[in-house]
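Listed below, chain by chain, are the residues.
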Amino acid sequence: MNKISVITVCLNNLAELKRTVESVLSQTYNDFEFVVVDGGSTDGCKEYIAGVGRIDRWVSERDSGVYNAMNKGARLATGKYILYLNSGDIFYSNDALEKAAAQIDDADYYMGIVRRVPDTDAMPPFLHIPPAVMTVYYCVNNSIPHQATFIKRELFGKRAYNEGHKIVSDWEHFFESWAVAGCSYSMIDVVVAEFYCGGISSNEEQCAKERNEVLDSYLPAGIKARMLSADKSKFERKICEAMTCRPVKRDMMLLKYTFKRLLKDLFAKR
């Protein structure tokens, strides 16, 4: 059985599909299977997929949305772990999958780093770095980079992506599996993929609406309000900032901030 199943879903975006496929086929790591789910494209995607010999399993048929297609991909996959590198996404480097696979053992989720490229020249690319230790606070207030998240395939037998949501179902799947069901998580210090921002995922109003629906199902109103509060203390903001850094820098920042906080508490007037 292959260790990793790389799954790509697409619909009428041939140029972006080619970019993703070329990136997958350039990987130095070989112990993976490649699954492509096309939503019945009419722009040549199907014909292109049929001509790529390295694609292990594929289907081209109408679906009801991106999460329906991603669930279909999970059912087609046979690897121990699933990575969704959807049409337009690319691996950060030719050895990104090899580096990531070397750090994968038996946790339910492994989350790596994503280089995000904004859809405006006014903002430079930046790294989305997951925390070494996941917290409910971080989970509630941040997105989950599916382009760099390796998910144990057996989890989809317990809960598939919610096809009723259009934007947050990958985040919802992680929240329910990790925060509610107690699945395990580990951060891998590898820049796995590059993601170009934009599209439906940038619809902040729809994203907030769907997140609230999920959180309302699990969190009391008071706790939810505190989790989502933008009015964080200076100390909380610094801790959150530190948790997005690479491990060594993160640890140095945490030591610095907590030492300052300790001194402040020791010498505070009683």
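Residue positions within a chain follow its written sequence, with the count starting from 1. In view of the model being predicted, local features appear only for residues whose pLDDT reaches at least 70, and side-chain atom pairs are presented and counted only at 80 or more, with totals across whole chains, interfaces and linings using the full set of residues. The basis for every side-chain value is the complete set of non-hydrogen atoms in the structure, without hydrogens or water.

Considering the overall build of the protein
- A run of DSSP states H or I qualifies as a helix once it reaches four residues; a run of E qualifies as a strand once it reaches two. Both are numbered from the N-terminal end. The helix and strand tally for the protein stands at 11 helices and nine strands.
- Whether a residue is buried, partly exposed or exposed follows from its accessible area with a 1.4 Å probe, protein chains only, as a fraction of its type maximum: under 20%, in between, or over 50%, in that order. Per-residue burial for the protein yields a buried fraction of 47% across its 270 residues.
- The contact definition used throughout considers only heavy atoms, calling two residues in contact when any of these lie within 4.5 Å. Contacts in the protein between residues far apart in sequence, at least 24 positions, make up 75% of those at least 6 positions apart.
- Residue-level accessible areas treat just the shown protein chains as cover; the underlying method is Shrake-Rupley with a 1.4 Å probe. For the protein, the computed accessible surface area is about 13,600 Å², with 52% contributed by carbon and sulfur atoms.

Topic: the nonpolar core
- Residues Tyr84, Met134, Trp171, Phe174 and Tyr185 are the most contacted members of the largest nonpolar core, which totals 39 residues.
- Setting aside residues no more than four positions away along its own chain, Tyr185 makes contact with Tyr109, Met111, Pro130, Pro131, Ala132, Met134, Phe174 and Trp178.
- Listed in part, the 35 residues of the second largest apolar core include Phe91, Ala100, Ile104 and Ala107. Grouping buried Ala, Val, Leu, Ile, Met, Phe, Trp, Tyr and Cys residues that are joined through side-chain atoms within 4.5 Å yields what is termed a nonpolar core.

Considerations on unusual backbone geometry
- The backbone of Asn12 sits at a positive phi, close to 50°, despite the residue not being glycine.
- Position of Asn12 relative to the elements: it lies in the loop between strand S1 (4-10) and helix H1 (14-25).
- Looking at Asn12, the relative accessible area reads 39%, which means it is partly exposed.

Structural notes on the pairing of S1
- Most of S1 sits inside the fold, with seven of its seven residues counted as buried.
- The alternating pattern of S1 places Ile4, Val6, Thr8 and Cys10 on one face and Ser5, Ile7 and Val9 on the opposite face, and all of these are buried.
- Note: S1 against strand S2 (residues 32-38), seven bridges, orientation parallel. Of the residues in S2, the one forming a bridge with Thr8 is Val36.
- You can see the chain leave S1, run along H1 and come back into S2, and the turn it takes is right-handed. Should DSSP find at least two bridges between two strands, the strands are regarded as paired. We call a crossover right-handed when, viewed with the strands running away from us, the connection from the first strand over the helix to the second turns clockwise.

As for the side chain of Lys72
- By the secondary structure assignment, Lys72 is in helix H3 (residues 66-76).
- Residue classification places Lys72 among the buried positions, given a relative accessible area of 12%.
- Other than its neighbours up to four places away in sequence, Lys72 contacts Val37, Val59, Glu61, Arg62 and Asp63.

Some points on the packing of aromatic side chains
- Any Phe, Tyr or Trp ring, taking Trp's six-membered ring, that has another such ring centre within 6.5 Å forms a pair; planes under 30 degrees apart are called stacked, those over 60 apart edge-to-face, and the others tilted. Taken as a whole and assessed by the stated rule, the structure comprises 10 aromatic pairs.
- Look at Trp171 and Phe175: their rings are 5.5 Å apart centre to centre, the planes differ by 20°, and that puts the pair in the stacked class. Taken together, the positions of Trp171 and Phe175, both in helix H7 (residues 169-180) and four residues apart, correspond to about one turn of that helix. For the pair Trp171 and Phe175, a shared accessibility class is recorded, and that class is buried.
- Between Phe174 and Trp178 the ring centres are 5.9 Å apart and the planes differ by 5°, which places this aromatic pair in the stacked class. Of this pair, Phe174 and Trp178 are both found in helix H7, four residues apart, which corresponds to roughly one turn of the helix.
- Owing to a relative accessible area of 0%, Phe174 belongs among the buried residues under this scheme.
- When its relative accessible area of 17% is taken as the criterion, Trp178 is described as buried.

What to know about the pattern of salt bridges
- Within this document, salt bridges are pairs made up of a side-chain nitrogen of Lys or Arg and a carboxyl oxygen of Asp or Glu, the two lying within 4 Å of each other. One pass over the structure, following the stated rule, counts 10 salt bridges.
- Glu194 is the partner of Arg115 in a salt bridge, and the nearest nitrogen-oxygen pair spans 2.5 Å. Placement of the pair is Arg115 in strand S6 (residues 109-117) and Glu194 in strand S9 (residues 185-196), with a sequence separation of 79 residues.
- With relative accessibility at 26%, the residue Arg115 sits in the partly exposed group.

Looking at H7
- Burial of H7 is extensive: 10 of the 12 residues sit out of reach of the surface.
- Immediately beyond the C-terminal end of H7, within one or two residues, lies Gly182, with a positive phi of roughly 80°.

The values are spatial; any link to function lies outside them.
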